[in-house]
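Observations on the model geometry
Chain residues, written in single-letter form:
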Amino acid sequence: MKLYDNPHAPNPRRVRMVLAEKGITYDREELDLGAGDNLKEEFCAKNPFAKVPVLELDDGLCLSETPAICRYLDEVSDEGSLFGTTPKERAIIDMWEHRMESMVLYPALFAFQHITGFFKDRMTPVEDFGKESAKNFMKSLPVLDAQLANNEWIAGSQFSIADITAICAIDFARIVKVRVGDEYPNIQRWYAAMKERPSYAA
Ligand SMILES: N[C@@H](CCC(=O)N[C@@H](CS)C(=O)NCC(=O)O)C(=O)O
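Residues numbered from 1 in each chain as written. Predicted model: local features only at pLDDT ≥ 70, side-chain atom pairs only at ≥ 80, totals over all residues. Heavy atoms only, no water.

Looking at an unreviewed UniProt entry, one finds the protein named Glutathione S-transferase and attributed to Thalassolituus maritimus. Word for word, the UniProt comment on the protein under Sequence similarities (unreviewed entry) is "Belongs to the GST superfamily." (UniProt positions renumbered as here; feature names shortened; annotations may be inferred.)

Structural data, given as structure tokens:
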């Protein structure tokens, strides 16, 4: 399988971390998003929405949308599950994964896009919306800190896809100087544990 990737973007990193956690080997092709590699016809044939990541399987099927790719990788691998096994576990992990994506990752992405204007050749940045998104990211932190006060990992006692999404969001937000401070000791404890996992470097 081949991953169409970018080393700086958070969604491809979510997939690389899952691949690392699962010990799956793969080929990769790096796209320069600033130069618009993802807007070219050849790549749009793989994902008509022109976004990375795309995972191209050996039979030529191209999967995009990070949650779909991650779930596929989880299901084809024998190594434990990042998505839970019982109905309750799966529901709790889904809940936290969705929260991390919508309340932490997307606000970080919007802050980046609208504050830096990095993609101004293909969208209209609205700086105030970027600043509001940065505020929304910060508003999620007390909730996350409280959850981690009583749980080793974000969705409970089991490391899950929600931890992967959250770390990718938190690291990415640093680009626009949005950081998790020392007032969140439980997030800091979790962050240190995340850094110990080999997949962190993926
Ligand atoms: N919904 C998509 C979003 C993917 C996405 O936003 N990818 C960004 C990088 S993290 C991208 O390709 N940006 C390039 C662009 O907007 O031109 C997913 O879950 O994979």
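After presenting the structure, the write-up continues.
Topic: the packing of aromatic side chains
Considering all chains together, one arrives at nine aromatic pairs under this definition. A centroid spacing of 5.5 Å and a plane angle of 45 degrees characterise the contact between Phe110 and Phe129, whose relative ring orientation is tilted. With a gap of 19 residues between them, Phe110 in helix α4 (residues 87-116) and Phe129 in helix α5 (residues 127-150) connect regions that are remote in the sequence. With relative accessibility at 30%, the residue Phe110 sits in the partly exposed group. Taking the relative accessible area as the measure of exposure, Phe129 reaches 37% and is therefore partly exposed. (Phe/Tyr/Trp six-rings, centres within 6.5 Å; stacked < 30°, edge-to-face > 60°. Helix = DSSP H or I, 4+ residues; strand = E, 2+ residues; numbered from the N terminus. Buried < 20%, exposed > 50% of the residue type's maximum accessible area, 1.4 Å probe, protein only.)

A short note on the sheet that holds strand β4 (residues 62-64)
The four strands are arranged β2-β1-β3-β4 in an open sheet whose pairing can be described as mixed. At either margin of the open sheet sits one strand with a lone partner, and together these are β2 (27-30) and β4. Taken over all neighbouring pairs, the strand axes of this sheet differ in orientation by 20 degrees on average, direction set aside. Pairing analysis gives three bridges linking strand β1 (residues 2-5) to strand β3 (residues 54-56), with the strands arranged antiparallel. Bridged to Tyr4 within β3 is Val54. (Pairing = 2+ DSSP bridges. Axes fitted to C-alpha atoms, helices over the stretch in contact; angles between N-to-C directions.)

Description of the domain arrangement of the protein
Looking at the assigned domains, one finds that the protein contains domain 1 (2-76) and domain 2 (87-201). Centre-to-centre, using C-alpha coordinates, domain 1 lies 20 Å away from domain 2. Contacts between the two partners involve 18 residues from domain 1 and, on the opposite side, 23 residues from domain 2. Interface area, domain 1 with domain 2, both sides summed: about 1600 Å², of which 55% is carbon and sulfur. A per-residue breakdown of the area domain 1 buries against domain 2 is headed by Arg13, Arg14 and Met17, which together make up 37% of the total. Summed over the shared surface of domain 1 and domain 2, the number is five salt bridges. Residue Glu21 pairs with Arg197 through a salt bridge whose shortest N-O separation is 2.9 Å. Summed over the shared surface of domain 1 and domain 2, the number is nine residue pairs in polar contact (both at pLDDT 80 or more). (Domains from an automatic or database assignment. Contact = heavy atoms within 4.5 Å. Buried area = accessible area lost by both parts, 1.4 Å probe. Salt bridge = Lys/Arg side-chain N within 4 Å of Asp/Glu carboxyl O. Polar contact = N/O pair within 3.5 Å; in protein donor to acceptor, adjacent residues only side chain to side chain.)

Considerations on the site of the ligand
Residues in contact with the ligand amount to 14 residues; listed here are only the nearest, Lys51, Val52, Glu65, Thr66 and Arg122. Contact between the ligand and Thr66: an oxygen atom at 2.7 Å from a side-chain N or O atom of the residue. Here Arg122 contributes a side-chain N or O atom positioned 2.8 Å from an oxygen atom of the ligand. In the complex, the protein chains occlude 89% of the 520 Å² of accessible area that the ligand would expose alone. The element contributing the most residues to the shell around the ligand is helix α1 (residues 10-22), with three residues. (Near = heavy atom within 4 Å. Areas by Shrake-Rupley, 256 points an atom, 1.4 Å probe, with all protein chains shown as cover.)

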